[in-house]
Amino acid sequence: MRAESCLVLLACICLLGRASSAAAPAADACVADSARGCATSELPASSPASAHPYATMALLRKVPADSLFVSEPDPSWFGNGPNPSSNPHWTNKNWLKSRFHFSFAEYHDRARSQFGVLRVMNDDLVQPVRGFGTHPHANMEICTYIVSGDLTHQDSMGTRETLGPRGIQFMTAGTGVRHSEFNTDDTHPLRFIQMWMVPRSRNLEPNYGSMVGDRERQHNKWAHLVADVKNTSADTPVKINQDANIWVTELDEGKESTFELREGRQAYILCLEGATTLTAASAASGTSAQEKLVAHDATQAFGAATLTFAATGSEGVHVLMVEMAAAPL
Ligand SMILES: *[C@@H]1O[C@H](CO)[C@@H](O)[C@H](O)[C@H]1NC(C)=O
C-alpha cells in the first residue's frame, strides 16, 4: 500500500473516533488493510441511498495465510494432557494449531475484528485424542465445517454426534449452551473451520443441527450448506438466524466454477485445500481483479461481481465461502 493510502487510512480511523491507539499500529494497519471504515466515512453525508458505497473499493482483498495469527495454546487450557514427546500419528507438536482470521482469545487486532456479521473464523487442527473440554457460548450462530478427520460434539441440549469430512454442524447459542468438541480418533488429526456469526436478535432459544458430508453434493459445483431461516427459497441442511450463507465447492484440477456475488453483498472466501485462481469481474464498472489462493489463504470479495474459481492445484481445490449483506464495518 502506498504511503498516502496509509495516511488516508489513519485519517479515516481517527475520523471514526475508534482509534485511541491508532498511531501505534500504523504500519500494521496498512498491512492488515483495515480500510473498510474509510470508504464509508468518505461518503458525503447527503449521498443518496442508491449510491454504491463501495464503487471505489477493490473487488478482492486477499488475506494471505502467513498474515494470520497462529495460536498454539497450552494443552491444560482446555483440559488436555501434555503433548507426547513423540507420536507418529501427530502432524503438529502441539495438540492444537489454530489460525485465527479475526480477533479471538489471546489475539486482538482492531483491523481484523470482523467482516460484516462474520465475527470468528478459526481454522483448527486438532491432534488425535485431543479436544476442547466443555465450555459455554451465548448469542452466537456457530457453524463448524469439517475438512478432515472426525469431530465429536456433545452439548447441554443432550446432543452427542460424530461427523466426518464435509459434514457441517451448527448451534444457535442464544440464551446459552455448553458443549465440548473432540477428536476421539487415535490415529488421525481433525481439521475443522469454526465460524461465528452475530445473530439478528439476542436471547434466541438454543438449537442444534447438522448434516453428514457428501462429496457429490459439492463436486464441481457449489453446495449451499447454510442459509437464513428467513430465506424461503433455500432448502439448506442448516439454517441460521442471520442474513448469511455458507457455500462450499470441490473442483477437480482444470475445472472452473462461477458464483454471482450480487450488488450489496460481500463474501469471505477461504481456500481449504489445493489451489485456485480467483477472478472477480464487475460488469457495471468494467473492472476485474485476480488473486491466487492456496490452502489457508482467504480473500474478501465485494459485489456486484462475477467470481470465477479456476482449480489450479494438481489435487484440485476445496473452497468455502461465507456470503452476506455488505456492511461497512
Ligand atoms: C436464498 O437461497 C437461495 C437458494 O439457495 C439462494 O440462491 C439465495 O442467494 C438466497 N438468498 C439470500 C438473500 O441469501
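Treat the numbers as computed from the prediction; the structure is a model and nothing was measured. (Residues numbered from 1 in each chain as written. Predicted model: local features only at pLDDT ≥ 70, side-chain atom pairs only at ≥ 80, totals over all residues.)

Enquirer: I'm lost on the site of the ligand in this one. Help?
Expert: Surveying the vicinity of the ligand reveals the residues His224, Ala227, Asp228, Asn231, Ser233, Ala234 and Asn245. For the shell around the ligand, the leading source of residues is strand β13 (residues 223–228), giving three residues. By residue class, the composition of the shell around the ligand is two nonpolar, four polar and one charged. (Near = placed C-beta within 6 Å. Helix = DSSP H or I, 4+ residues; strand = E, 2+ residues; numbered from the N terminus. Nonpolar A, V, L, I, M, F, W, Y, C, P; charged D, E, K, R; others polar.)

Enquirer: Is there a simple way to think about the confidence of the model for the protein in this case?
Expert: The predicted structure's coordinates, where accompanied by low pLDDT, should not be read in detail. Here the protein shows a mean pLDDT of 85. Residues at 70 or above account for 82%. Scored below 50 in pLDDT, residues 1–55 makes 46 contacts in the model with residues more than four places away or belonging to other chains. (pLDDT = per-residue confidence, 0-100. Contact = placed C-beta atoms within 7 Å.)

Enquirer: Help me understand the sheet that holds strand β7 (residues 151–155) in this model?
Expert: Sheet strands line up and pair through hydrogen bonds in the backbone, either parallel or antiparallel. Here four strands make up an open sheet; going across it, the order is β5-β10-β7-β8 and the pairing antiparallel. Looking along the sheet, the strands with just one partner apiece sit at the ends: β5 (130–137) and β8 (160–163). Each strand axis lies, on average, 15° off the axis of its neighbour in the sheet, ignoring direction. As paired strands, β7 and β8 are joined by four bridges and run antiparallel to one another. Residue pairing across strands places histidine 153 opposite glutamate 161, the latter belonging to β8. (Pairing = 2+ DSSP bridges. Axes fitted to C-alpha atoms, helices over the stretch in contact; angles between N-to-C directions.)

Enquirer: Sorry, what's going on with the sheet that holds strand β2 (residues 69–71) here?
Expert: One open sheet accounts for seven strands, arranged β2-β3-β4-β11-β6-β9-β12; its pairing is antiparallel. Only two strands of the sheet have a single neighbouring strand rather than two, namely β2 and β12 (207–211). Pairwise comparison of adjacent strand axes, ignoring direction, gives a mean angle of 20° for this sheet.

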